[in-house]
Amino acid sequence: MNITSENNKGENKPNHFAAPSSKWVRFGIWGTITIIFTLWTKSGWWLLALPFFFDLYISRLLPWGFWKKSKNKTFRSIMDWVDAIIFALAAVYVINIYFFQNYQIPSSSLEKSLLVGDFLFVSKMSYGPRVPNTPLAFPLTQHTLPIINTKSYLDKPHWDYKRVAGFGKIKRNDIVVFNFPAGDTVPIKQPNPDYYTWCYTIAQQNGVSKAEAGQYIRNHPETFGKVVYRPVDRRENYVKRCIGLPGETLRVVNNQVYINGRSIADQPGVQYNYFVQTKGSFISDEQFRKWGVSKDDRFMLQENNFLVSLLPFKKNANGSINPIYHFPATKDLINTIKNSPEIETVIIEPDAVGDNELGGTTYPLNDRFKWSRDNFGPLWIPAKGSTIKLNSDNLILYERVICNYEGNQLKIKNGVAYINGKRADTYTFKMDYYWMMGDNRHNSADCRAWGFVPEDHIVGKPIRVWLSLDKDRSWFDGKIRWNRFFKRAY
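In this report, we go over the structure that sits alongside the text. (Residues numbered from 1 in each chain as written. Predicted model: local features only at pLDDT ≥ 70, side-chain atom pairs only at ≥ 80, totals over all residues. Heavy atoms only, no water.)

Glancing now at the packing of aromatic side chains. Taken as a whole, this structure holds 45 aromatic pairs when the rule is applied. Their ring planes at 25° and their centres at 5.8 Å tell us that tryptophan 291 and phenylalanine 327 sit as a pair that is stacked. Of this pair, tryptophan 291 sits in helix H8 (residues 285-291) while phenylalanine 327 sits in strand S12 (residues 324-330); the two residues are 36 residues apart in sequence, bridging distant segments of the chain. Phenylalanine 327 carries the same exposure label as tryptophan 291, and that label is buried. An angle of 45° between the planes, with centres 5.4 Å apart, marks the rings of phenylalanine 376 and tryptophan 435 as tilted. Residue phenylalanine 376 is located in strand S16 (residues 376-380), and its partner tryptophan 435 is located in strand S22 (residues 433-437); the two are separated by 59 residues in the primary sequence. (Phe/Tyr/Trp six-rings, centres within 6.5 Å; stacked < 30°, edge-to-face > 60°. Helix = DSSP H or I, 4+ residues; strand = E, 2+ residues; numbered from the N terminus. Buried < 20%, exposed > 50% of the residue type's maximum accessible area, 1.4 Å probe, protein only.)

Have a look at this one:
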């Protein structure tokens, strides 16, 4: 009797591992996925999911669905929603980092290829997804939580740059989404986030050093806001077309791009700004709409504008100036406009008129290089493993690469470079770099303004437009561009 009693006691003990075979199969499937994912991403952190799956399907030591036994229907309903939201956020987190994300075109820098209001699927797999620098972050936010305006990520832990295997590499003319390289230091009240251009401009205007200009920005938060630092993966997302690849030499001469001394053909959608003077008539909104010129991209010059007197516009019989419009156009469109009987004069926008710069400041923000928006370079694009001899010129060109992107300390003493405290006559680059430009060449803040795009800033490749909204139209007047749905992004 005693033996039987003891056996009965043993039989009544719960056996957490005596799970149905179907649960072992589910655990095996998720365990295999976790191990494959760990090997692919080369990150052992994902193995922490194995104990979770084991307990969820096999041991059940933790009461994962405890609320389902509650007699309170409201509590059960709330917890069901919480459970669904947590699962969705976790799924979105993984998908957003490693597979694809949504991106909205904010500016006209890539028109006519991509339009303002296009919503894109951006493939992370095209060039290989990055392991995040800041893994602890709220999904679907870049750097700031809406409404409460606080950081959406934690600075620690911080992981070094690593990219896992993808489908291919960046090729010339690919449209690429990347983190804004000059977005590491940001005056948050300014719509232009380029802190370094602000420092250069203030230094030029006031005859002070860039360091003094930077201190001025920090001392005037009422104008510039707080100056914050952002890690690479939390910088603003930009989208441009890749024009130059690592190891190539780029030059722009009168708006024509040359790579290694040979001109490269513009994409069909490339545009430049033009001044168009009519013979007296006004150009209607409907005509601009047919030409595909948005309201934000066009304006009419007033007769007292300084450009009217400096550019060769014609006067009418009364001695006054007929209407002059400024807007971007492709070469095909401008040829059509020139042949119109209503058009008097067409002038491409120069990058400077007299003492007035229309093209803005250009990289490397140094007076030694008299480069402009339309005439730039020649400039060699760094390639991983390539070594250059350091001199006074290329120290200016590659100082930002050496310090900001590759994490070195650079000091110049008596014309000699010291990197990380050691004298350096040469430098070997640790990463590949790319040259990105907008198709709307005169309306694009791109590499001509802030320099190279490092490989660790590459986010992915836009593949499809899934929604397109025209900001110049109402919902009942063609706001939705149905013809762009599922259009390839190229």
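Once that is clear, we can look at the sheet that holds S12. Strand order across the open sheet formed by four strands is S11-S12-S10-S13, with antiparallel pairing between neighbours. Of all strands in the sheet, those bounded by a partner on one side alone are strand S11 (299-300) and strand S13 (343-348). Lying on the sheet, helix H10 (residues 331-338) is in contact with strand S10 (271-278), S12 and S13; it crosses S12 at an angle near 135°. (Pairing = 2+ DSSP bridges. Contact = heavy atoms within 4.5 Å. Axes fitted to C-alpha atoms, helices over the stretch in contact; angles between N-to-C directions.)

Glancing now at the pattern of salt bridges. According to the stated counting rule, one finds 23 salt bridges in the structure shown. Taking the shortest distance from any N to any O, the salt bridge between aspartate 155 and lysine 151 comes out at 2.5 Å. Judged by relative accessible area, aspartate 155 falls into the partly exposed class, the value being 40%. One salt bridge in this structure joins arginine 373 and aspartate 374, with 2.9 Å as the shortest N-O distance. Side by side, arginine 373 and aspartate 374 carry an identical accessibility label, which is buried. (Salt bridge = Lys/Arg side-chain N within 4 Å of Asp/Glu carboxyl O.)

Turning next to the sheet that holds strand S20 (residues 422-423). The strand order S18-S19-S20 describes an open sheet built from three strands, whose pairing is antiparallel. Of all the strands in the sheet, just strand S18 (410-413) and S20 have a single pairing partner and so form its edges.

On to the environment of valine 94. Turning to its location among the elements, valine 94 is positioned in helix H4 (residues 73-98). Sequence separation between valine 94 and proline 139 is 45 residues; the distance between their C-alpha atoms is 9.1 Å. Apart from residues lying up to four places away in sequence, valine 94 is in contact with Phe37, Trp46 and Phe99.

Now for helix H11 (residues 392-405). For H11, spanning 14 residues, the distance from its first C-alpha to its last is 20 Å, which sits close to the expected 20 Å at 1.5 Å a residue. Along H11, the helix axis deviates most sharply at tyrosine 398, where the bend reaches about 55°. For H11, the tally of buried residues reaches 10 of 14 residues, placing the bulk of the element in the interior. Taken as a whole, H11 has its buried residues at Asn394, Leu395, Ile396, Leu397, Tyr398, Arg400, Val401, Ile402, Cys403 and Tyr405. (Expected span 1.5 Å × (residues − 1). Bend = angle between axes of the 7 residues up to and from the residue.)

Moving on: the environment of phenylalanine 87. Topologically, phenylalanine 87 is positioned in helix H4. Along the backbone, phenylalanine 87 and proline 323 are 236 residues apart, and their C-alpha atoms lie at a distance of 59 Å.

Mapped onto the fold, arginine 373 is located in the loop between strand S15 (356-357) and S16. Under the relative-accessibility criterion, arginine 373 is labelled buried at 5%. Separated by 3.5 Å, the side chains of arginine 373 and histidine 442 make a polar contact. Those residues in contact with arginine 373 that sit more than four places away from it in its chain are Val252, Glu349, Pro350, Asp351, Leu358, Gly359, Thr362, Arg441, His442 and Arg448. (Polar contact = N/O pair within 3.5 Å; in protein donor to acceptor, adjacent residues only side chain to side chain.)

Tallying each qualifying case throughout the model produces zero disulfides. With no disulfide of its own, cysteine 242 has cysteine 447 as its nearest cysteine by sulfur position, at a separation of 8.5 Å. The thiol of cysteine 403 is not disulfide-bonded; the next cysteine sulfur, from cysteine 199, is found 15 Å away. (Disulfide = S-S within 2.5 Å.)

We now examine a nonpolar patch on the surface. Taken together, the side chains of Ile95, Phe99, Phe100, Phe121 and Ile463 present a nonpolar region at the surface, about 380 Å² in accessible area. Here phenylalanine 99 lies in the loop between H4 and strand S1 (100-104). On the accessibility criterion, phenylalanine 99 (31% relative accessible area) is partly exposed. (Patch = residues over 30% accessible without salt bridge, like charges linked within 9 Å, V, L, I, M, F, W, Y side chains within 5 Å. Areas by Shrake-Rupley, 256 points an atom, 1.4 Å probe, with all protein chains shown as cover.)

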